[in-house]
Amino acid sequence: MAPLRAGLMAFLLATGSSMNLKKYLVRALHRLQKGPGYTYKELLVWYCDNTNTHGPKRIIKEGPKKKLIWFFLTLLFASLVFWQWGILINTYLSYNVTSSLSIGFKTMKFPAVTVCNANPFKYSEVKPLLKELDRLIEAALERILQPENSSDIVSPPLDLELWNQIPLVLIDEHDKDNPIILDIFETNQTAVGNERGMDNETRCSHQGSENCTYRNFSSAAQAVTEWYVLQSTSILSKVPLHDRIRMGYQAEDMILACLYGAEPCNYKNFTQIYHPDHGNCYIFNWGMDEEALNSSNPGAEFGLKLILDISQQDYIPYLSSAAGARLMLHQQKSFPFLKDQGIYAMAGTETSIGVLVDELERMGYPYSDCTMNGSDVPVKNLYSQYNTSYSIQACLRSCFQNHMVEICGCGHYMFPLPEGVNYCNNEDYPGWAYCYSSLTSSIKQRQICIDSCKETCNDTQYKMTISMADWPSEASQDWIFHILSYERDMSTNVTLDRNGIIKLNIYFQEYNYRTISESAATTIVWLLSSLGGQFGFWMGGSVLCLVEFGEIIIDSLWITIIHLISWCKGLQQRRARARYPDVPPTVSELAHTNLGFQHEAGGAGLGAQALPPEPGTPPPNYDSLRVQPLDTLGPDSDTDTE
């Protein structure tokens, strides 16, 4: 019985709910048919008399003069409230941030350390490839330095194909209005001699083309270096990667000694990568194959100590004008961009680098346009082939390389290549230098890359304090060079000197870190409190006053809807009257038009000429109205028996 009783109760409740809903809809329909019952004016007067907001009550209860004053004050203060609300909402929607600095203490990860030689290749390895280029630049230097004797010098004929593609010229600017351009290897023109001129590098879209660009240099040293780098880039871009790695400095020859804290290390603890600017580079504590190392104490005794041999005697003379090691501190699993963020360590010195850690925490959208991992950046990251994390430097270089592939048809040697694309060189792409120069000088292309790339939301920066001293000292250099030479070459002869040795000490300067974090300057709590404060200050209102205001708006809409429905019904009725403009006939008029009620005499003449007459309606045959004798009424008659 219990389930039956529960089911019966559920049925009764459902029936009652449906009946209540039906009654509500019927009342609403009657309300629509009846009309609102009050006007806008009555609604407004009711609101002013019952609201908790200060001001409206005084408008309806004061005299005529005070009514006007209070109406003006209420309107003024209401306008101020809406003006202040607009300012507050606009401030909130601007999504400003504030930066806060905090200092913490914890066990920190030791940074990844990348070390490279300033010279990318051993000259003894690449000399056969650069032989013609070296002869060409040597002859050019002779003509620049000794122009009056250059014609007397007897030398083997030069291959001027490289020169004609990107020539170096001298510009005589003694006559500012008519400068003279002098090609170094043209013999039928007057030489500049010892007069000061402007060195210039010319890049054309193809040989003999007038579509050329010029780069001016105030010194021949700068012009020669830039020209040599450009030409060697074209030559080395055709060399396979494994051959370029072989021609660079190997880890076992470059890293002579390694010590991290109290633990010894060697070149096997470094990860080798090929960097286009510096050749073979070696990264300590990169975190790719093993867990990143932690540092538990500050100071030089708990850091990384390295002794490097840069073999300065095997430098390429025209490619690397600076001697030393290039190093960079960066996060684990991030690609090192040494050309922009690296520092030099000078040969013959002990360089100590004290490190301070700054952690940056940026807020994401909509407060700033940063990215967590680069997945929302429209630029394809070409450095992902190294399995490294996203960085804005990688994005900018990938963007430039993509534009160069799209416009020039080939990729630059200094950046990774997209799939299926070749590096630029003078043989296959004669106009690549002109295209590259035009692209690097294009502000529009740079702005496109800047707009496309985003900063990372979380970043770690390493601030370095650098100090140097001569190493080794004159008193200790003999035994130090003997030991290092024996350990590397197993020779009792000294094979090292001060010009090739560098000692590095890298350590945490202080055992703390700074966190620079962003937080929202305006929150939803601030917005609500500010809106309420302005409303309460100017109008003496609260949230309930806003509810009352919302109520009057709903009532106004309800009145408007009812008026619209009434107007539509009236319009429909007016259209119906326009279709039937005459007054509808009465019942008596309809009866007189029936031919059955017409006299036969009056209609005899018409009936012969018009349509045949319709049969008239016979009068009713009511037997009860006929007079009959009482004795003739039977028991089955229809008479009233009362």
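Reading guide: rules and limits
- Residues numbered from 1 in each chain as written.
- Predicted model: local features only at pLDDT ≥ 70, side-chain atom pairs only at ≥ 80, totals over all residues.
- Heavy atoms only, no water.
- Buried < 20%, exposed > 50% of the residue type's maximum accessible area, 1.4 Å probe, protein only.
- Helix = DSSP H or I, 4+ residues; strand = E, 2+ residues; numbered from the N terminus.
- Pairing = 2+ DSSP bridges.
- Salt bridge = Lys/Arg side-chain N within 4 Å of Asp/Glu carboxyl O.
- Phe/Tyr/Trp six-rings, centres within 6.5 Å; stacked < 30°, edge-to-face > 60°.
- Contact = heavy atoms within 4.5 Å.
- Polar contact = N/O pair within 3.5 Å; in protein donor to acceptor, adjacent residues only side chain to side chain.
- Axes fitted to C-alpha atoms, helices over the stretch in contact; angles between N-to-C directions.
- Expected span 1.5 Å × (residues − 1).
- UniProt positions renumbered as here; feature names shortened; annotations may be inferred.
- Patch = residues over 30% accessible without salt bridge, like charges linked within 9 Å, V, L, I, M, F, W, Y side chains within 5 Å.
- Areas by Shrake-Rupley, 256 points an atom, 1.4 Å probe, with all protein chains shown as cover.
- 1 Å grid on protein atoms, 1.4 Å probe; cavity = no way out; pocket = protein on both sides within 12 Å on 5 of 7 lines; lining within 4 Å.
- Points joined across faces, edges and corners; volume = space filled by probe spheres on them.
- Nonpolar A, V, L, I, M, F, W, Y, C, P; charged D, E, K, R; others polar.
- Domains from an automatic or database assignment.

Asker: So what's going on with the pairing of strand β11 (residues 279-284)? Which residues, and what values?
Answerer: Within β11, six of the six residues are buried, which leaves the element mostly enclosed by the surrounding structure. In this sheet, β11 lies alongside strand β3 (residues 112-117) in antiparallel orientation, the contact comprising four bridges. Its bridge partner being in β11, threonine 114 is matched across the sheet by isoleucine 283. In this sheet, β11 lies alongside strand β10 (residues 270-275) in antiparallel orientation, the contact comprising six bridges. Looking across to β11, one finds that threonine 271 is bridged to isoleucine 283. Taking the residues between adjacent antiparallel strands as the criterion, β10 and β11 are bridged by three residues.

Asker: Any chance you could break down the pattern of salt bridges for me, citing the residues and the numbers?
Answerer: Going through the model one piece at a time under the given rule, you end up with 13 salt bridges. Notably, a salt bridge pairs arginine 397 with aspartate 340, separated by 1.7 Å at the nearest N-O pair. In this pair, arginine 397 sits in helix α12 (residues 392-408) while aspartate 340 sits in helix α11 (residues 338-341), placing the two residues 57 residues apart along the sequence. On the basis of relative accessible area, aspartate 340 is assigned to the partly exposed category, the value being 48%. A salt bridge links lysine 454 to aspartate 376; the nearest nitrogen and oxygen atoms lie 3.3 Å apart. Pair noted here: lysine 454 is in the loop between α14 (443-452) and β18 (455-456) and aspartate 376 is in the loop between β17 (370-371) and α12, with a separation of 78 residues, a long-range link. On the basis of relative accessible area, lysine 454 is assigned to the buried category, the value being 15%.

Asker: Can you lay out the packing of aromatic side chains for me, pointing to particular residues and giving the numbers?
Answerer: Counted by the stated rule, this structure contains 21 aromatic pairs. Plain terms: the ring middles of phenylalanine 121 and tyrosine 274 are 6.5 Å apart, the flat faces sit at 35° to each other, and that makes the pair tilted. Pair noted here: phenylalanine 121 is in the loop between β3 and α5 (123-126) and tyrosine 274 is in strand β10, with a separation of 153 residues, a long-range link. You'll find phenylalanine 121 and tyrosine 274 in the same group, each marked buried. Each member of the aromatic cluster is reached from another via a ring pair, and the members are Phe110, Tyr260, Phe270, Phe284 and Phe508.

Asker: Would you mind going over the environment of isoleucine 245 in detail, with residue names and values included?
Answerer: Here isoleucine 245 is to be found in helix α9 (residues 241-247). With 35 residues separating them in the primary sequence, isoleucine 245 and asparagine 280 have C-alpha atoms 6.3 Å apart.

Asker: Could you give me a rundown of the environment of methionine 539, with the residues and numbers involved?
Answerer: With respect to the element layout, methionine 539 can be found in helix α16 (residues 524-539). Considering only alpha carbons, one finds methionine 539 and threonine 53, 486 residues apart in sequence, at a separation of 6.4 Å. Other than its neighbours up to four places away in sequence, methionine 539 contacts Thr53, His54, Thr74, Phe77, Ala78 and Val81.

Asker: Would you mind going over the side chain of serine 485 in detail, with residue names and values included?
Answerer: Tracing the backbone through its elements, the reader meets serine 485 in helix α15 (residues 477-489). Note on serine 485: relative accessible area 0%, which makes it buried. Here leucine 496 takes part through its backbone nitrogen, which lies 3.4 Å from a polar atom of the side chain of serine 485. Once residues within four sequence positions are removed from consideration, serine 485 is found in contact with Met490, Ser491, Asn493, Val494, Thr495 and Leu496.

Asker: Please provide a residue-by-residue account of the sheet that holds β10, values included.
Answerer: Taken together, five strands build an open sheet; the order of strands is β10-β11-β3-β14-β15 and the sheet is antiparallel. Two strands in the sheet have a free side with no partner beyond their single neighbour: β10 and β15 (343-345). Going from strand to strand, the sheet's axes swing by 30° on average, the running direction of each strand aside.

Asker: Account for α15, naming residues and giving values.
Answerer: For α15, spanning 13 residues, the distance from its first C-alpha to its last is 18 Å, which sits close to the expected 18 Å at 1.5 Å a residue. Elements in contact with the buried residues of α15: β13 (304-309) and β20 (501-520). One or two positions beyond α15, positive phi appears at methionine 490, with a value near 50°.

Asker: Residue-level account of the UniProt feature "transmembrane region" (unreviewed entry) in the protein chain, with values.
Answerer: Under the feature "transmembrane region" (unreviewed entry), the UniProt entry names residues 68-93. The span residues 68-93 is 100% helix and 0% strand, and its two end C-alpha atoms sit 37 Å from each other.

Asker: Quick rundown of a nonpolar patch on the surface? Include the residues and the values.
Answerer: A cluster of nonpolar side chains, Met346, Ile466 and Met468, forms an exposed patch at the surface whose accessible area comes to about 300 Å². On the secondary structure map, methionine 468 appears in strand β19 (residues 458-470).

Asker: I'd like a description of the layout of surface pockets, backed by residues and values.
Answerer: Empty space among the atoms can be located by rolling a probe the size of a water molecule over them. In this structure, the second largest pocket encloses a volume near 700 Å³. Looking at the second largest pocket, it is lined by 27 residues, and the ones nearest its centre are Gln331, Gln341, Gln393, Asp459 and Thr460. Residue assignment for the lining of the second largest pocket shows that the elements contributing at least two residues are β14 (325-330), α12, β18 and β19. Take the lining of the second largest pocket: its biggest share by element is seven residues, from β19. The residue inventory of the lining of the second largest pocket, partitioned by class, reads ten nonpolar, 13 polar and four charged. Lining the lining of the second largest pocket are residues from two domains, each supplying at least three of them: domain 2 (97-118 + 249-364 + 459-521) and domain 4 (371-456).

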